[in-house]
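Spelled out from the first residue to the last, the chains are:
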Amino acid sequence: KAPITRRKVAALVLALVGCGLVSGLVGGEVTASPRGLLLGVASGFCYATYTIFSHYTLRHYDSLTMTYWTFVFAGLGSLVFWDTAAITAVMTDGRGIAGALGLAVIATALPYLFYTKGLEGVESGKASIIANVEPVVGALVGVFVFGEALSLWVILGIVCVLSGVLLLAKE
């Protein structure tokens, strides 16, 4: 079991503050509904339990097996949100099918597979903090691909997140 150090706590604080700044929590136009907050907390809880249980389960199973079963149960759980009319409308177009496949493989399956594989060699706490680089990548894609404005708050958030990751790298 890895000890909690000041460096890890500082990295966590930097990553959390940075994610808040990158997401527009400060200086942005962020609004939150109770339902949105509830889903966000549920998402964080599920992510944390996945990280914790995966770390211990990887001692007995391959990362591909872990990812497979995660997707089986997540797929079954997502059936609650199934909207036949909306899905049918999107899947009648070739672009909709390509987009769905892209989301399924590139934006969902591969990141989970890489993250789970990474848990084999990195402790859970460090992996979770390092994974906070995701909003940074999202912000940079927004700027360079979609032409979004890069505000001072977003730049500060990117610096905070990357500083937290660098703190962990020094350890």
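Residues numbered from 1 in each chain as written. Predicted model: local features only at pLDDT ≥ 70, side-chain atom pairs only at ≥ 80, totals over all residues. Heavy atoms only, no water.

### Structural notes on the layout of surface pockets
Sizing a probe to match a water molecule and rolling it over the atoms shows the empty space that remains. Approximately 1500 Å³ is the volume attributed to the largest pocket. In terms of lining residues, the largest pocket is bounded by 35 residues, among which S43, Y47, A107, T108 and Y112 are the most central. Elements supplying a minimum of two residues to the lining of the largest pocket: α2 (34-57), α3 (63-78), α4 (84-91), α5 (94-118) and α7 (133-144). When the residues that make up the lining of the largest pocket are grouped by side-chain class, the tally is 25 nonpolar, 9 polar and 1 charged. Approximately 910 Å³ is the volume found for the second largest pocket. (1 Å grid on protein atoms, 1.4 Å probe; cavity = no way out; pocket = protein on both sides within 12 Å on 5 of 7 lines; lining within 4 Å. Points joined across faces, edges and corners; volume = space filled by probe spheres on them. Helix = DSSP H or I, 4+ residues; strand = E, 2+ residues; numbered from the N terminus. Nonpolar A, V, L, I, M, F, W, Y, C, P; charged D, E, K, R; others polar.)

### Looking at the pattern of salt bridges
Counted under the stated rule, the structure contains 2 salt bridges. A salt bridge links R95 to D93, with the shortest nitrogen-to-oxygen separation between them at 3.4 Å. We classify R95 as exposed; its relative accessible area is 69%. Across the salt bridge formed by E120 and K117, the nearest N and O atoms sit 3.3 Å from each other. When its relative accessible area of 40% is taken as the criterion, E120 is described as partly exposed. (Salt bridge = Lys/Arg side-chain N within 4 Å of Asp/Glu carboxyl O. Buried < 20%, exposed > 50% of the residue type's maximum accessible area, 1.4 Å probe, protein only.)

### Some details on the nonpolar core
C19, V22, V136, A139, V154, I158 and V161 together form the largest nonpolar core, which totals 7 residues. Per element, the largest residue contribution to this core is 3 residues, and it comes from helix α8 (residues 152-170). Residues within four places of I158 in sequence aside, it is in contact with V22, V136 and L140. (Core = buried A, V, L, I, M, F, W, Y, C linked by side-chain atoms within 4.5 Å. Contact = heavy atoms within 4.5 Å.)

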